[in-house]
Each structure stands twice: as C-alpha cells, then as structure tokens.
Amino acid sequence: MALHKGTLAMFDNSVGVSDVVLLYPVTEDDFIKNLQTRFEHDLIYTYIGNVVISVNPYKQLPLYTHSVIEEYRSRNIYELPPHIYAIADDAYRSMRDRNLDQCIIISGESGSGKTEASKAIMQYVAEVSGKGQEIDRVKEQLLLSNPVLEAFGNAKTAKNDNSSRFGKYMDIEFDYKGDPIGGVITNYLLEKSRVASRNPGERSFHIFYQLLSGADKSLLESLMLTPDPEKYTFLRNGCTEVSSIDDKGNFEKIRSGMQVIGFSETEVESVFQLVASILKLGNLQLVAKSNEDGTDGCDIEDHSELYAVGELLSCDMEDLEKSLTKRTVEVKTETVTTDLSSGELFFFIIVYIVFQNNSFEQFIINYCNEKLQQIFIELTLKEEQEEYIKEGIEWIQVEYFNNAVICDLIEKNNTGILALLDEECLRPGDVSDSTFLKKLDSKCHDHPHYESRNCKKNQSDKTLPYDAFRLKHYAGNVLYKVDGFIDKNNDLLFRGLSKAMYNCEHPLLKTLFPEGNPRQKSLKRPATAGSQFKVSVTELMKNLLSKNPNYIRCIKPNDDKKPDVLDVKIVTHQVRYLGLLENVWVRRAGYAFRQPYEVFLARYKMLTPMTWPVWRDEARQGVQLILQMQSVPPSEYAFGNTKIFIKNPKLLFDMEEKRREKMHYLATLIQKVWRGWHQKTKYKRMRASQVVISAQLRMYLARKLYLKKKVSTVKIQSYLRRWMAQQLLKELKRKALVLWAVGVIHKNFLGWQARMKVKQIRTERRRDWAVSVIHKYFVGWQVRKQYHNQFRRVAGPKVARFFVLALKKKFLLDLKDKLPSISPVCNDWPKCSGRFKNASEELRKIYHRWRCRKYRQRFDSNPSAAFKMKEKQAASELFKSRKDIYPHSVGHPFKGDYIDLKLNHKWQKLSKNSVDEDVVFADLAMKVNRANGKMVQFLLVMSTESILVMEHRTMIIKYRIPFEQITGIALSPYTDKLVVFHLQKPKENDAILCRKGDFIFSCAHVVELVAKAYLAIQNHVGKPPDVKIANQLQADFKGHNVDIIFRKADPNVQKDGILRLSRKGNKLDVFEP
Ligand SMILES: Nc1ncnc2c1ncn2[C@@H]1O[C@H](COP(=O)(O)OP(=O)(O)OP(=O)(O)O)[C@@H](O)[C@H]1O
Ligand SMILES: [Mg+2]
C-alpha cells in the first residue's frame, strides 16, 4: 500500500533496485545479486513492497543518527532510500493519524540483527513522539527495559555474542496524540537449559557474569559470592569473558535501569539474591546412598552451599534439603535443579532459529516460525487481494506455497503432533519417548510433510535414525530426536519443591511459585508445555492478525560476524526459508506497480504536450492520455478506481528513461523562463527603486532650497530689525543728551550763582576786617597819640623783653623736639634763625661732647671694646680726611684675625711659648717684590712684638720684622691699599733682613693694619712710629732710594680694576685703577 505514495527514491540514484518488486526479471540469482550489490555499497536495506529486508552489516554505519531520523520524519515511505525508519514512520503515522493498530514483526536467523532492528525502531518512535515529563519517563522505561531483559535473557552463543534466548512481544500503548503511555512486554520460551549446560565456547545468561564482575565487595559479601566465575559449576566449562561485552559497565546500566523501570531497592536486592542462589544451587553435590528401607536415595555432600541458599532465600533448611534430595529418586538431579532455579524467573521463549541439535524445544520454536510465516503469507495476500477489490480490478490467482498444511500437522486438534504428545503423556501405563514415536508413525505416516524410518516411504533413508522423525518445514527439512519429548512436555516441578519455594520467606519466590501454595490444592493436572505453548501462540497470532502488520526480515551475511563479507550460500539459504521470493511473486502476481493517478500524472505529465505543464481535467484521463501517447499496449496496464496498475516494471523503466530526457529539456526551458523572469523582476525593481531615489532627491533639493530661502529671509529680517533698533536708539540717545545738557547748564548756573554769592560774602568780610583793622589802627594811633610819652619810657622795653624771652623759649623748645641722633658720627643739626646762630653752634658742641661721653662710657665698662675703640680712635686720628678709603673703614669692625689663625694647629705649635704668641692682626696680603714691583701673596701676621711674613700654605716664617726695627709707616692719600714699612738703616754687620730694605704690602684692611701697628709699636717700643701720608713716597730697596709715584691708570687700558706696580730704575709707578 505504501508503494503507491511516491516514486522518487525508488528510481533516483539507487544502486540495484531499492524495491525488489521492480526487479526485472525476478529470479533467485537476480534477487541475491541485487542484495549483494547494495550490500557492497553499504545499502543494507531493500524493500519488497512495504517489507524491509535488512542485511546485518556487522559494522557501525552512520544510519541511526538524529539527523537521519529528522530526514525520515513524516516523509512518504518511497521518498527516501529504504530504511527501518521509513517503516517505523509509516506504522507510527498510520497508528497516530488513522487510528490503525500496528505490529512490526522482525524475523531472521540468530545474529541477523533482529534485536538491533527493534532497538532502532524504539529509538525512532521515542524521538518522533511527543515530549513532556511523563512521556519522557515512559519512553525511558521502555528503552531501559531492553538492557535489563537482555541481561537476563541474552547470552553469548557461537552465532551471536548477544543472542536473545527468548522470544519477545512488546506491546506499546499510545494515546490519541501519538505519545507513548505505557507498554507490556511478553517473553516466550526462555532457553532454560542454558543455565545448566551449553555448547562449548558459549556462555550462560549475561546477568551471572555481570553480577560477579560488576557488584562491589559489600554486595558480593551480602550475596555470599566470590568474583571468580570459575568457582561456580554453572559457569565453569564455557568461556567467561567476551571481548565485545563490558560486563562490569553493563551491570551498572541494568542496576540503574531497574530503578528507572520501577524496581524498588529491596526488589533489586531480591532479584540478585535469586541469581546468587541459582549459582549456589549449581554447586550442590549429591552423593548416592541406600535408604534404610533398601531403596536408593541421595544426600547433599557439602552443606555449606545449602545453608547459603537457605540464608539467601530465607527458607527452612530441612524443607529445602528434603525437597531437593527426595526428588532425586525420580528425576536426574541436575536437570531438576536447573529447571527449578531459572524456569519461573523468565516465562516463555520464541527463538526464530533452526537448531542443529534438535529436540522438543526446537520443535516448538519451528512450530512458531511456521505460524508466523503463515500469517505473513496470509496477510500479504489478503492485503493484495483487498487492494484489487477496492480498485475494482480482477484478482489473478497466485501460485504460492501455503504452509497451513504443516501447521495442521503440528497443531491440529486430536491428530496433530502436539495433541498426540499430550495424549501419550496422559495415557496410563508404560509411557516413553519411543512409544510416542510409534504413535506418531502410526498416525502421521501418510502426511506428505512427515518422515520417519518406520514409515514405508522412508524405510531406505539412511539419514533418518530410528529414534527420530523429520518434518518438511517451509524453510527446509528438520530432524527431531524424540529423546526427552515426554519429560519436557510434562515440564512439571514436583510439588514438594514448589511448596518449599513457596514457603520461603523470600518475597519474590511466593509470586514465582504460586502453585506451591498449599491452600491452592487442585488435583487437576497442569497443562503440558506443548499445549501451553500452543495456546500462547494462538493468542499471539490472534493478536497479530488484529493489527496492521509491518515486516522486517533480517538476513545474516556470513557466519563469521565479519563486515563487508556476503556469503551467497548462506544468504540464499535464508532468502529461501524466509520465503522472500514468494513474497515478491505475490506482490507482482497481477500488477507489479500501482500508483494513484495524481501521483503518476505528476511524475510523467511532461511526456505529452497536452498534460504539460498543467492538466485541468481528471487525473485518470491525463494518465490514459500519457499511456496512449507512449503507444503502450493496453494489456500492460489496468485502470483501477483511484490507481493505475502496471503489469511489467519494464514499462516503468522505459517511462523513467523518457522522463529523464524530457526533464533535461524542461530544465533548460525552466531555466530560460526563470532567467527571463528574474531579469524582468530585477528591471522592475530597479525602476521602482529609481523612482523612489529621484523622488527622494527632488525632495532633498526642494528642502535644501527652502531652507536656504528661510535662512536668507531670517537674515534680512534681522538686519532690518537691527537698523530700526539703531534708529530708535539714536533717537533715545539724542533725547537723553538734550536732557543732560539742560542738567549741566542748570548745574553750572547754580554753581555760578553760588560762587557769586561766596565772592560777595568774602568781599563783605574783607571789607569788614579792613574796616576793623583801620579802626584798630586808628584807635591805636589815637591811644598812642594820647599816651605817647608815657608808653615810650616804661612799656616799650618791657614789651621788647617779653618778646625776646618768648622767642628764646620757642627756640629752645623747638630745638628740644628736633635733637639729632646720639650717634657721635651724626652730623645733622636743626636749622635756626640768625638771631640764635651762636647759641645753636655752642649747643651743638655741647650736645656732641655729651653724646661722645655717653659713647665712651659704654666702652669703659668693657675693656676689649675700649681697646677696639682705641684702635678706631687711632685710625681716625691717623686717617680722617687724609686717606680716601678711610670712610669705608669706619663702619667696619676691626676683626684682627681674619683667617682664624689662633685655631690653626701649625700656628699653635709654632707660636707656643714664643714672643709672637699673641696675635694682633692676621690676613692674607700681597708683598711687593722690590726688584720688579710684582706682587706675591703671603700671610701677614702681626703679634704684640713683630710683624711676620709667612708662606700661607706651609706656615714657614719668611721674614720677622721686630717692632724695634720699624722706624716709620707711609701711605698714599688715595684709594690704594699699599703701605710701606720703613726699617732702620742697616749697619755694617746687620742681619740680611735689614739689608734688604723697606717692606711694601698691599692689604685689604690697610687702615686697621696701620692703626693696630701704630698702637702695638707704641705699646712695645714706648714711642709710636712716624706715619706719613703723602702723594709721593720714598722707600729703601736694598740700599737704593726709590721714588714711589702714584698715577691714575688709563681706564681704557686697565679695565680689570686691579692695582699695578712697575719698577723702572729708581722709580716705582703705582697705577691706581
Ligand atoms: N544494523 C546493524 N548495524 C551494525 N551492526 C549490527 C546491526 N544489526 C546487527 N548488528 C551486529 O550483529 C550483532 C547481532 O545482532 P542481534 O543481536 O540483533 O541479532 P539477533 O537477530 O537478535 O540474534 P539472536 O536471534 O541471536 O538474538 C549485534 O550485536 C551487532 O554487533
Ligand atoms: Mg536478539
């Protein structure tokens, strides 16, 4: 049905054909070749109509990502390349939008990828259905149920590391919006025997290994387990580790998974206790013994494991032991133990495999497969037939193998194999597997699908053993050994064991062994395994038939789990027993291809000019027209009510080819038209834009002009206003000026008036005063005239004396106020009238003397000050008004030791206890060289006894001039600082010093030096030296008399202001600056 929805991916870019219905011709070889070609290109999915064939790639392909799911979401099944998601989406949308219940049947051999396919479907549904807290919780539970179920039901086998050892029917309920609201999982036919034994290289169920490697130490301790699997009989003798499986990691996953699904903490614990007790039970060793009554019995060898089981299951140890040992009389111990431990934990099995080692279980499984195949064929044909009826097309009978006959052989009431088995089990008397086989032979020997060595038709067939029968299944012939059929069909736990389990305190066991409940005493025999299974298969079939089926057929490409390897033999085998070719034939029986008229027309309308580009009439007529124009013979197609049916895919391929050619032409045409349209639109848009732009430009220009005018107007207006304001201002100013002028004139007038008045008053006053003076004179004259003689004699002198006295008084009082400073050097004196000139002079002298006395008195109280005064006095007497530089020295205190000689260590050493110890004067001075007049710096020291000329650096005394030898001192009256010390004229045997002659020094403090020398020599010799100040001097230079002449230096030549001396013959010229 989905085939009709679209045709895109079916033809476009596919490798081989993606829908085998379109294979032409259809042979087995072509079919396999097509699968192979696609497989080589990693295209693992291929359709037969709406059935998906999936070839296990044994490698990860990027087919299951989120983006792929988004791509397939809500797309028609044929729009995209074949994928499980397309089927899942179709089923999901039919369920959601059309309210049709859906079932997806996944079948294939072990390791062909059924479990992976089911996971992909669950993943898809979880992604595309709604979201929300509750919905997500349900989804998570559904998704996580998988790893938990796999832990308990999957095991490593020779064919598959993660082989599902049970059949699974998962029922997911959706609400009207298509959101999952819950699910029920039913499991069928768990391979119980795997717990106790399995083929070499295989493992038991994953949970045992997961628990041992994943549980932490405390959990293992609480379960009384050790992590080494080799310690457990049930796990030994096989492999314990699988490289592709992470037991430890998976244990964590299932633990959290169980929580999410809703197991409580104690329930999880109970499950692990059960698992642990199974391992412990496996380790129980039974030894044979003879009972007292002589019958055979057995005992448990080592009780420690039994106690551990008792502890784990919280059961009565004695009960348990009894229940275990008692049964050993009747059944093989190990088998019973195994069944006990795992049987009720998982319920039933369907495994879609054909076993090598065929027994009762495989018989049951293959029965189930027959049933599934039957409904597959039934549903496919039914669907096809329904479509033909709906479309009003005559049904053509299809030849196909109907396996109903095999199903009948197995399940038919009373005569079917299962019925015969039950009959044999219930029959009183000696019953065994061989009596069962005999019964089969007698009842079924003429059935075409039954074979046995005891049947006539097979007597010579050596491949058939005597203890077996063979069934010709639709998928091939299978040999079944009858050994164990009766026991397994009975499949009963002994009441004692069920009771012991029920009586355990362990909460899980009570629910797992309800039949052990003593109150539920039913004498009715429980149904046999075969009939129980028949009931559940029938129920399952009923369930599936009530739903719209979707099929995924899984194929295993090779037996070695290798990627990129496709073993044609193995694949051919699977294609055969899955009946895939029959499936194709059914699909193609009448018409291989069908499609709604609208869709067909839409795809091929370009093939005729009448239907291209638009066909306005009915779609059916359009399709008719197309087919006529292609000159297709009418026998090749048929017109249904809504669809066109095409017999041979070749026609479709031809049409596709023509379509491709036409499309090329049309593409060019469309391109051409589109380009034209594109350019035209572009032009129109440009034109529209141009209009807008020019309008905007015009607006802009107009606005600019307007703004310019506005600005100019405002400017003119403002100028005018300014001019008017100026006029107004002028007017106002003029008025103000007139007012001011009037004011000024008025003020002037008032001033003139006032002045006139004042003048008049003054004139009047002067006149009055003159009158009064004249009057006084007149009166005086009259009085004088009257008393003339008298006045002259007496009053005249008196008045004159009085006046003189008053004047004197005034003079003295004025003088008192105007007395000058009491400093003796001050020359100021107030002026006075000529009358008191002499008195003033006298008073001045008195005042000066008085202030000098005052001054002296100050020194008398301080001897050093007095001495200094004496020196100053001497200087004054010597130089006052005689030497030009004297006035400068007056204000300058005579310091004496200008170089702090007394602190100098060398001097202290030199002078200690010498006559020159007391220093009067010390300073640097220039000594004039007698030979050439040049000056050399020396240290000039004067003590109380002599003058010393010393090297100022070395402090070596060059000359010592004792005061006794100094006869006189000479200086010029000018500003120079030269001084000549005249020495005594030498006698014949005098010291060299005397013979050298007079000394001339230039000393900055020459006035002080001479004053001090004057006093010191006087003190020492008793007579002062002769001090001469003259503008021409004479000196004795080594016996020669030399004239010292002072000249004024030419200021243009001697600019540096330094005194220069030069000796020429008997003349020494001194140039003063
Ligand atoms: N679509 C796939 N892509 C990649 N690998 C796959 C795919 N399908 C299956 N396989 C690989 O094949 C292995 C077997 O697949 P899976 O367990 O689904 O087989 P099965 O049909 O369920 O077998 P059994 O009947 O034994 O349970 C997977 O473990 C996986 O490695
Ligand atoms: Mg599986």
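Residues numbered from 1 in each chain as written. Chains lettered and ligands numbered in written order. Predicted model: local features only at pLDDT ≥ 70, side-chain atom pairs only at ≥ 80, totals over all residues. Heavy atoms only, no water.

Undergrad: Please explain a nonpolar patch on the surface as it appears in this structure.
TA: Side chains of F778, V779, W781, V783 and Y787 sit close together on the surface and give an oily, nonpolar patch of about 450 Å² of accessible area. Relative to the helices and strands, V783 is located in helix α26 (residues 649-793). (Patch = residues over 30% accessible without salt bridge, like charges linked within 9 Å, V, L, I, M, F, W, Y side chains within 5 Å. Areas by Shrake-Rupley, 256 points an atom, 1.4 Å probe, with all protein chains shown as cover. Salt bridge = Lys/Arg side-chain N within 4 Å of Asp/Glu carboxyl O. Helix = DSSP H or I, 4+ residues; strand = E, 2+ residues; numbered from the N terminus.)

Undergrad: Help me out: how do you make sense of the packing of helix α27 (residues 795-818) against helix α28 (residues 837-860) in this one?
TA: With their axes 12 Å apart at the nearest point, α27 and α28 run at an angle of 35° to one another. By crossing handedness, the relation of α27 to α28 is classed as right-handed. On α28, the residues touching F811, L812 and L815 of α27 are A839, S840 and L843. Residues that form the contact of α27 with α28 fall into these classes: 5 nonpolar, 1 polar and no charged. (Axes fitted to C-alpha atoms, helices over the stretch in contact; angles between N-to-C directions. Left-handed = near helix turned anticlockwise from the far one by under 90°. Contact = heavy atoms within 4.5 Å. Nonpolar A, V, L, I, M, F, W, Y, C, P; charged D, E, K, R; others polar.)

Undergrad: I tried to follow the site of ligand 1 on my own but got confused; where do I start?
TA: Within the structure, ligand 1 sits among 17 residues, and S110, G111, T115, S163 and S164 are positioned closest to it. Taking Y64, its side chain carries an N or O atom lying 2.9 Å from a nitrogen atom of ligand 1. At a separation of 2.5 Å, an oxygen atom of ligand 1 approaches a polar side-chain atom of S163. Protein chains shield 86% of the accessible area of ligand 1, which is 620 Å² for the free molecule. When residues of the shell around ligand 1 are traced back to their parent elements, those giving at least two are α5 (114-128) and β5 (163-164). The class makeup of the residues in the shell around ligand 1 is 3 nonpolar, 10 polar and 4 charged. (Near = heavy atom within 4 Å. Polar contact = N/O pair within 3.5 Å; in protein donor to acceptor, adjacent residues only side chain to side chain.)

Undergrad: What is the right way to look at the coordination of the magnesium ion (ligand 2) in this model?
TA: Around a metal, the idealised angle for a tetrahedral arrangement of four donor atoms is 109.5 degrees; for an octahedral arrangement of six donor atoms it is 90 or 180 degrees. The magnesium ion (ligand 2) binds to the protein through T115 (OG1) and S164 (OG); the donor distances cover 1.9 to 2.0 Å. In this pair, T115 is assigned in helix α5 and S164 in strand β5, connecting sequence segments 49 residues apart. (Donors = N, O, S within 2.8 Å, 3.2 Å for Na, K, Ca; no water.)

Undergrad: Just to check I follow, could you spell out the packing of helix α6 (residues 133-153) against helix α7 (residues 206-214) for this structure?
TA: At a minimum axis separation of 5 Å, α6 and α7 run at an interaxial angle of 100°. Taken together, the axis directions place α6 and α7 in an arrangement best described as roughly perpendicular. Between α6 and α7, the contacting residues are E150, A151 and F152 on the first element and H206, I207 and Q210 on the second. Residues that form the contact of α6 with α7 fall into these classes: 3 nonpolar, 2 polar and 1 charged. (Parallel < 35°, antiparallel > 145°, perpendicular 65-115°, else oblique.)

Undergrad: It is not clear to me how the sheet that holds strand β28 (residues 1067-1072) should be interpreted in this structure. Could you clarify?
TA: Whenever strands of a sheet pair, they do so through backbone hydrogen bonds, lying parallel or antiparallel. The 4 strands lie next to each other as β25-β26-β28-β27, forming an open sheet whose pairing is mixed. The strands lining the two open edges of the sheet, one partner per strand, are β25 (1032-1037) and β27 (1060-1064). Within the sheet, the average angular offset between the axes of one strand and its neighbour, ignoring direction, is 25°. Bridge count for β27 against β28 is 5 bridges, and the pairing is antiparallel. When the sheet's bridge partners are listed, R1060 is paired in β28 with F1071. (Pairing = 2+ DSSP bridges.)

Undergrad: Would you mind going over the nonpolar core with me for this structure?
TA: The tendency in soluble globular proteins is for nonpolar side chains to be buried as a group. In terms of nonpolar packing, the biggest core is built from 98 residues, with F31, I48, F363, Y450, F469, L471 and I555 touching the most fellow members. With 12 residues, helix α14 (residues 360-391) is the single largest residue contributor to this core. Non-local contacts of Y450, meaning those with residues more than four positions away in its chain, are made with L409, L437, L440, D441, C444, H445, C455, K457, N458, F469, R470 and L471. With 40 residues, the next largest nonpolar core counts L878, F921, V949 and V979 among its residues. (Core = buried A, V, L, I, M, F, W, Y, C linked by side-chain atoms within 4.5 Å. Buried < 20%, exposed > 50% of the residue type's maximum accessible area, 1.4 Å probe, protein only.)

Undergrad: Could you clarify how one ought to interpret the sheet that holds strand β21 (residues 966-971) in this entry?
TA: Strand order across the open sheet formed by 8 strands is β20-β19-β18-β17-β23-β22-β21-β24, with mixed pairing between neighbours. Bordering the open sheet on either side are β20 (957-962) and β24 (1026-1029), each of which pairs with just one other strand. Between one strand axis and the next, the sheet turns by 30° as a mean value, whatever way the strands run. When strand β17 (residues 919-928) meets strand β23 (residues 999-1002), the two strands line up antiparallel, connected through 2 bridges. Its bridge partner lying in β23, K927 is registered against F1001. Strands in contact with helix α33 (residues 1006-1021) are β17, β18 (935-943), β21, β22 (978-983) and β24; relative to β22, the strand with the most contacts, it is inclined by about 25°.

Undergrad: Please clarify how the pairing of strand β12 (residues 476-481) should be interpreted in this entry.
TA: Along any regular strand the residues' side chains alternate between the sheet's two faces. Both strand β11 (residues 468-473) and β12 contribute to a ladder of 6 bridges, which runs antiparallel. Bridge pairing links H473 to G476 in β12. Linkage of β11 to β12, two consecutive antiparallel strands, is achieved through a turn of 2 residues.

Undergrad: When you look at unusual backbone geometry in this model, what are you seeing that I'm missing?
TA: Working note: non-glycine residues mostly have negative phi, and peptide bonds are mostly trans. Between W612 and P613 the backbone carries a cis peptide bond, its omega angle lying at -5°. Mapped onto the elements of the fold, P613 is located in the loop between α24 (597-604) and α25 (619-629). In this structure, S314 takes a positive phi of about 45° despite not being glycine. Here S314 is to be found in the loop between α11 (303-313) and α12 (317-327). Notably, K1038 is not glycine yet its phi reads approximately 50°, a positive angle. Tracing the chain through its elements places K1038 in the loop between β25 and β26 (1040-1048).

Undergrad: Would you mind going over helix α29 (residues 863-879) with me for this structure?
TA: The α-helix advances 3.6 residues per turn, and as a result positions three or four apart in sequence lie on the same side. Between its terminal C-alpha atoms α29 stretches 24 Å, which fits the 24 Å expected from 17 residues at 1.5 Å a residue. Three or more residues of α29 are buried, namely A865, E871, A874, A875, L878 and F879. Near the N-terminus of α29, the side chain that reaches the backbone nitrogen of S864, with its oxygen 3.3 Å away, is that of N862. Immediately beyond the C-terminal end of α29, within one or two residues, lies S881, with a positive phi of roughly 65°. (Expected span 1.5 Å × (residues − 1).)

Undergrad: When you look at the packing of aromatic side chains in this model, what are you seeing that I'm missing?
TA: Aromatic rings considered in pairs are described by the distance between their centres and by the relative angle of their planes. According to the stated counting rule, one finds 33 aromatic pairs in the structure shown. Note on Y92 and F174: the rings are 5.9 Å apart at their centroids and 70° apart in plane angle, and the pair reads as edge-to-face. Pair noted here: Y92 is in helix α4 (residues 84-98) and F174 is in strand β6 (residues 167-174), with a separation of 82 residues, a long-range link. A ring pair is formed by F469 and F485, whose centres lie 6.0 Å apart and whose planes are at 75°; its orientation type is edge-to-face. (Phe/Tyr/Trp six-rings, centres within 6.5 Å; stacked < 30°, edge-to-face > 60°.)

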